[in-house]
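Structural overview for review
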Amino acid sequence: MITTDAAPIRYLDPILVNQIAAGEVVERPLNVVKELVENALDAGSTSINITLYEGGKTYIKVQDNGAGIASSQLSMALSRHATSKIPDNDLFNIQSFGFRGEALPSIASIARVAISSRTKNDDTGYRIKMDGGELKQDATPVRSDFGTTVEVSDLFYATPVRLKFLKTAGTEQAHVTDLVKKLALANPAVAFTLETDKKTILDLKVHDQTSITHLKNRLDDVLSKQVTENCTLFNAKREGISIKGMISLPTFSGGRASDQYMFVNSRVVRDKIMMNALKFAYRDILEHNRHPVAVLFLEIDPFMVDLNAHPNKTEVRFRDGQLVRSFVLSSLSEALREASRNTTNALAAKAVAYITKEQEGRSACSATPFPRASSAAFKPSGRTSFSTQDRHQFQGSTAVRSFQDDPMPFASYVEPKVYTETHRDPVVPVMAVEHDFPLGSARCQIDATYIVSEKDGDLILVDQHAAAERLTYEKLKNQILHKAIPRSALLLPEMIDLSDMDVALITEHEQDIQNLGFVFDLYGKTISLKEVPILLEGCDVKQLLRDLLNDLTVHDAPVDFLMRQMEKLSTHACHTSLRAGDVMNIAQMNALLRQMESTDFSAQCNHGRPTYVRLVKKDIEKLFERR
Ligand code: ADP
Ligand code: MG
């Protein structure tokens, strides 16, 4: 409405003010539940029961056993900007969830609200009612347990336009359920129930245990044991900041994007910085379409974070986002590195289960051909039974013949009987010094693809390409991080014309670009590239530079930039790695094993696939039913 007459300026009607405030905070039932539960938590409750009808659209009840509200204060609780939670008027030292003092009046302005409460000092409870911002009933005595019960009916009845934006009861209920799970994770010492008119959705008890196990139990209850068994708990600390939580192992593939829960100072948040750090930590150990499971609790000095960035308080603003990011990222990476050392156990169990299941299908050895593709090639007779003669042939002539046929001197897999001291091949490393290596000693290569290694009777099977890929990648990562990328000089410098924007970017990021292994001179709007990373020799240098500049336009944090470039370089590295089909001798195989032992994340390739499986002696015995 635009008029040419000057309209008088008036104060907004208080109910309207509350409705406007409600517009910012209350979008759907989920927000009401969040405000009410946070009030209950602020009141020190240890048990919180939530009830919804129609996904909360028609009725929400939150009942707690907290401190309660004195009868004389009930009407205050429903008035705007009235709070008991900023004792010293310091907005940057807030320990409670609430502090704006506007949730209850806002909700009461758009719905029908009844609050019943009883404090420890009261013999009875009191109840107050408000409909659409109008007081309907002042504090009146009622029978009540200690604590507070807030009921919210007919959400948005006073602002029908908003009502139209609500989704189906099922959707709204799903949102609330998700929220309650988050709140329950952040408060593992508080019991929660979530019920609807029809059934109990969540019943999260506090098991009678110490505070150390509270979180573990709550994680099991909220995420299911099946998920938590595939996760690792971790924690890390630095001055003024700490993080703890649980993340899934690189080999776990059952995660959904919704299985990521983040908290800052116990508040449920959606924080881009933390989400990116998480994504980044898994970038080279998880396949792209997979999601890690993560529950992250960040604790940070209240002076380092603004919790007031948004009325519904799910967004926070860190004073030093870069610090938070690098702290979260390094903590997660360390936890993953630690965990990846343990992942192969689960794999072996899987392998044994798989093989055993395979064998259950076969009744007996004699009924089916011995599953030996290579030996079949030597015996075209097609006999179907496995006789003693076969066994002799396998141990003796067959094996020997295949080695003789092979031009490579790596055939060390010979029966111990045959394999005596005097026959020892000098290429094979001496046994005595081998047994300290975690990945054992290479025995042979199969299909020019897998290395078979032995360690104290355990069998270790290594996928050589997957392993080499990780080695190359980690090497590159180290080179980038330590600014020591080997370069190679171009025969003729590559001259590339640039836009003003490009020149500005290059000047600004000169050091980063050089750290990546590019050496150049700038002549006005032309760049002359003189050296490039050795790994990228022979690539289209112009295109490479374009990519680089594009990247700098979109993102600007130098660390991110380096890491992203590394990912790109690694795609290239992947092609130069040792491949399946490359024949190796024993010394080469052992060298690869030794490198794996001293390389982080060597249990997975860059794409999250395992690089080796270990069958411990016990597993092998199980396979042959010796156990
Ligand atoms: P805020 O939480 O920001 O202070 P609210 O409008 O949510 O504002 O609540 C106003 C006040 O009512 C709170 O400061 C608190 O003193 C009181 N209150 C609200 N809910 C509860 C509850 N469940 N138990 C005890 N006190 C409560
Ligand atoms: Mg509140």
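Above this text you will find the structure in question.
Description of the structure in this document. Just so you know, these numbers come straight off a predicted model, no measurement behind them.

Let us look at the pattern of salt bridges. Tallied over the entire structure, the rule returns 21 salt bridges. Notably, a salt bridge pairs Asp220 with Lys216, separated by 3.0 Å at the nearest N-O pair. A residue pair is termed a helical-turn pair when its members lie 3 or 4 positions apart in one helix, as Asp220 and Lys216 do in helix H7 (residues 211-223) at 4 residues. Note that Asp521 and Lys530 form a salt bridge whose closest N and O atoms lie 3.1 Å from each other. Note on Asp521: relative accessible area 26%, which makes it partly exposed.

Across all of its chains, the model carries 2 aromatic pairs by this definition. When the ring of Tyr53 is compared with that of Tyr59, the centres are 4.8 Å apart and the planes differ by 40 degrees; the resulting orientation is tilted. Classification of Tyr53 as partly exposed rests on a relative accessible area of 36%. For Tyr59, a relative accessible area of 14% corresponds to the buried category. Considering the side-chain rings of Phe263 and Phe297, the 4.6 Å spacing of their centres and the 15 degrees angle between planes classify their relative orientation as stacked.

Before going further, it helps to spend a moment on the site of ligand 1. Close to ligand 1 lie 20 residues, the nearest being Asn39, Thr83, Ser84, Lys85 and Gly101. At a separation of 2.5 Å, an oxygen atom of ligand 1 approaches a polar side-chain atom of Thr83. Within the contact set of ligand 1, a nitrogen atom lies 3.3 Å away from a side-chain nitrogen or oxygen of Thr148. No other element matches helix H4 (residues 103-110), which puts 3 residues into the shell around ligand 1. Residues belonging to the shell around ligand 1 are distributed by class as follows: 9 nonpolar, 7 polar and 4 charged.

Moving on: the packing of helix H1 (residues 14-25) against H4. Following both chains from N to C, one finds H1 and H4 inclined at 105 degrees, their axes separated by 8 Å at the closest point. By the criterion of interaxial angle, the relationship of H1 to H4 is roughly perpendicular. For the pair H1 and H4, contact is made by Ile15, Asn18, Gln19, Ala21 and Ala22 and by Pro105, Ser106, Ser109 and Ile110, respectively. When the residues that make up the contact of H1 with H4 are grouped by side-chain class, the tally is 5 nonpolar, 4 polar and no charged.

Once that is clear, we can look at the environment of Ala169. Inspection of the secondary structure puts Ala169 in helix H6 (residues 169-186). Each C-alpha atom of the pair Ala169 and Lys57 lies 7.0 Å from the other, and the pair is 112 residues apart in sequence. When near neighbours in sequence (up to four residues on either side) are disregarded, Ala169 contacts Glu54, Gly55 and Lys57.

One recurring pattern in soluble globular proteins: nonpolar side chains tend to sit buried together. Ranked by size, the top nonpolar core spans 59 residues in total, and within it Ile50, Val152 and Phe192 carry the most contacts. With 32 residues, the next largest nonpolar core counts Ala236, Ile243, Ala281 and Ala294 among its residues.

Moving on, we get to the sheet that holds strand E16 (residues 441-446). Across the sheet, which stays open at both edges, the 4 strands sit in the order E16-E17-E18-E22 with antiparallel pairing between neighbours. At either end of the open sheet lies a strand with only one pairing partner, and these are E16 and strand E22 (612-615). Ignoring strand direction, the axes of neighbouring strands in this sheet form an average angle of 20 degrees. Pairing between strand E18 (residues 458-463) and E22: 4 bridges, direction antiparallel. Bridge pairing links Val462 to Tyr612 in E22. Relative to E18, helix H14 (residues 464-481) is tilted by about 70 degrees, and along the sheet it contacts E16, strand E17 (450-455) and E18. Contacting E16, E17, E18 and E22, helix H19 (residues 586-597) runs over the sheet at an angle of about 115 degrees to E16.

Let's shift gears to the pairing of strand E2 (residues 59-64). Across 6 bridges, the pairing between strand E1 (residues 47-53) and E2 is antiparallel. Residue pairing in the sheet places Leu52 in a bridge with Ile60 of E2. The loop that links E1 with its antiparallel partner E2 comprises 5 residues; one of these, Glu54, has a positive phi angle of about 50 degrees. Taken together, the 5 bridges between E2 and strand E6 (residues 147-153) define a ladder with antiparallel strand orientation. In the sheet register, Gln63 faces E6, and the bridge partner there is Thr149.

Definitions and limits used
- Residues numbered from 1 in each chain as written.
- Chains lettered and ligands numbered in written order.
- Predicted model: local features only at pLDDT ≥ 70, side-chain atom pairs only at ≥ 80, totals over all residues.
- Heavy atoms only, no water.
- Salt bridge = Lys/Arg side-chain N within 4 Å of Asp/Glu carboxyl O.
- Helix = DSSP H or I, 4+ residues; strand = E, 2+ residues; numbered from the N terminus.
- Buried < 20%, exposed > 50% of the residue type's maximum accessible area, 1.4 Å probe, protein only.
- Phe/Tyr/Trp six-rings, centres within 6.5 Å; stacked < 30°, edge-to-face > 60°.
- Near = heavy atom within 4 Å.
- Polar contact = N/O pair within 3.5 Å; in protein donor to acceptor, adjacent residues only side chain to side chain.
- Nonpolar A, V, L, I, M, F, W, Y, C, P; charged D, E, K, R; others polar.
- Axes fitted to C-alpha atoms, helices over the stretch in contact; angles between N-to-C directions.
- Parallel < 35°, antiparallel > 145°, perpendicular 65-115°, else oblique.
- Contact = heavy atoms within 4.5 Å.
- Core = buried A, V, L, I, M, F, W, Y, C linked by side-chain atoms within 4.5 Å.
- Pairing = 2+ DSSP bridges.

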